[in-house]
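# Results of the structural survey
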Amino acid sequence: MLNQLLNPETKRIIDAIGAENIRFVGGCVRDLIAGRQLKDIDFATTLMPDEIIRSFENAGVRYLTTGIQHGSITAIYNSNSYDITSLRRDVATDGRHATIQYVDDWEVDAERRDFTLNALYLDANGKLYDYFGGIDHLRSGKVVFIGDPERRMKEDYLRILRYFRFLGIFGKGGPDDMVARTCARHGNNLNKLSGERIQSEMRKIITLPNAE
């Protein structure tokens, strides 16, 4: 399974950061388990952004710092890009943006993510890390918020749309009644988001085979 994520480019990133300091994370691990085509390949690391930069410069890896305010450095290879993000927790949110604090605990980093199926990690030795039962939820067709759904929506209201998108991709059956009611109760707060974020998410939803 790991071989699908390992290529000369990702191997170089892992070598630059140090295999003990970095893991594949999120959508690429989820889609690998689900047997879906891999798209973006992202990493999480215990290194701080300045340490990532220093590691890349020492290894001759090209990078961008566009997302550094969110703890992300982007490695560039030809036309491919890979985000490497420092472990973090959200210490304050307003429904759109978060103030972050860097941490060195993988589970704390997982706790800030939206759904259990997106909080999966895979290290360079092929070991899977699943802190909230995401693999079982993925295989049973359940989209489950990490922790309290209402709290997670209030952190970023885009998660209302993301819930239905992931349900359309991975779900077996309709939405959870309690979660659907919570989404409806906070639906007006989508107006607080930028049109670009809403448009991007809605385009992904309406092109699903079961979009209706």
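In the block above lies the structure referred to throughout.
Residues numbered from 1 in each chain as written. Predicted model: local features only at pLDDT ≥ 70, side-chain atom pairs only at ≥ 80, totals over all residues. Heavy atoms only, no water.

### Let's talk about the overall build of the protein chain
This is how it is decided: Helix and strand definitions here come from DSSP, where helices need a minimum of 4 consecutive H or I residues and strands a minimum of 2 consecutive E residues; each element is numbered from the N-terminal end. For a compact globule the rule gives 2.2 Å times the number of residues to the power 0.38, and the radius of gyration it is set against comes from C-alpha atoms. Whether a residue is buried, partly exposed or exposed follows from its accessible area with a 1.4 Å probe, protein chains only, as a fraction of its type maximum: under 20%, in between, or over 50%, in that order. In short, Shrake-Rupley with a 1.4 Å probe defines the accessible areas, and a residue's cover is counted only from the protein chains shown. Counted as positive: Lys and Arg. Counted as negative: Asp and Glu, with His and the chain ends omitted from the count. Charge coordinates come from a single atom per side chain, which is NZ of Lys, CZ of Arg, CG of Asp or CD of Glu.
A tally of regular secondary structure across the protein chain gives 9 helices and 9 strands. Since a compact globule built from 212 residues should have a radius of gyration of about 17 Å, the 17 Å found for the protein chain is in line with a globular shape. C-alpha extents for the protein chain along the principal axes are approximately 50 × 35 × 30 Å. Residues counted as buried form 46% of the 212 residues belonging to the protein chain. When the accessible surface of the protein chain is split by element, carbon and sulfur atoms take 44% of a total near 11,000 Å². Taking the average place of the 29 positive charges on the side chains of the protein chain and the average place of its 30 negative ones, the gap between the two points comes to 4 Å.

### As for the pairing of strand E1 (residues 22–25)
On a regular strand, each side chain points to the face opposite its neighbour's, so the side chains alternate between the two faces of the sheet. The test is simple: Pairing between two strands is assigned when DSSP locates at least 2 bridges connecting them.
Residues of E1 alternate between two faces, with Ile22 and Phe24 on one and Arg23 and Val25 on the opposite face, all of them buried. For E1 and strand E2 (residues 42–45), the ladder comprises 4 bridges, and the chain directions are antiparallel. Its bridge partner lying in E2, Val25 is registered against Asp42. The sheet contact formed by E1 and strand E8 (residues 120–123) spans 3 bridges and is antiparallel. Its bridge partner being in E8, Phe24 is matched across the sheet by Leu122.

### Observations concerning the side chain of Thr45
Selection criterion: Any pair of nitrogen or oxygen atoms within 3.5 Å is treated as a polar contact; in protein, a donor-acceptor pairing is required on top of that, and neighbouring residues in sequence qualify only through side-chain atoms on both sides. Any two residues having at least one pair of non-hydrogen atoms within 4.5 Å are treated as being in contact.
Here Thr45 shows up in strand E2. Given a relative accessible area of 0%, Thr45 falls into the buried group. Among the polar contacts listed, one links the side chain of Thr45 to the backbone oxygen of Asn21, at a separation of 2.7 Å. In contact with Thr45, not counting residues within four places along its chain, are Ile17, Asn21, Ile22, Ile52, Ile84, Thr85, Ser86, Leu87 and Trp106.

### Digging into helix H2 (residues 27–34)
Most of H2 sits inside the fold, with 6 of its 8 residues counted as buried. Along H2, the positions that sit buried rather than exposed are Cys28, Val29, Arg30, Asp31, Leu32 and Ile33. Along its buried surface, H2 packs onto E1, E2, E8, strand E9 (128–130), helix H5 (134–140) and helix H7 (158–170). Positive backbone phi, approximately 75°, marks Gly35, located one or two places after H2.

### Description of the packing of aromatic side chains
Here is the rule we go by: Each pair of aromatic rings taken from Phe, Tyr and Trp, with Trp reduced to its six-membered ring, is defined by centres within 6.5 Å and is described as stacked if the planes are under 30 degrees apart, edge-to-face if over 60, and tilted in the remaining cases. Here, over-ring charges are defined by two tests on the NZ atom of lysine or the CZ atom of arginine: distance to the ring centre within 6 Å, and angle to the ring normal within 35 degrees.
Evaluated as defined, the whole model comprises 11 aromatic pairs. Relative to Tyr82, the ring of Tyr77 has its centre 6.3 Å away and its plane inclined at 70°; by these criteria the two rings are edge-to-face. Exposure class is identical for Tyr77 and Tyr82. Each is buried. Ring geometry for Phe145 and Tyr163: centres 5.7 Å apart, planes at 15°, overall stacked. In this pair, Phe145 is assigned in the loop between H5 and helix H6 (149–155) and Tyr163 in helix H7, connecting sequence segments 18 residues apart. Here Phe145 matches Tyr163 in class, with each residue buried. Chaining the aromatic ring pairs together yields one cluster made of Phe115, Phe145, Tyr163, Phe164, Phe166 and Phe170. A cation over an aromatic ring shows up here: Arg23 above the ring of Trp106, its NZ or CZ 4.0 Å from the ring centre. Sitting above the plane of the Tyr129 ring, Arg23 keeps its charged end 3.5 Å from the centroid.

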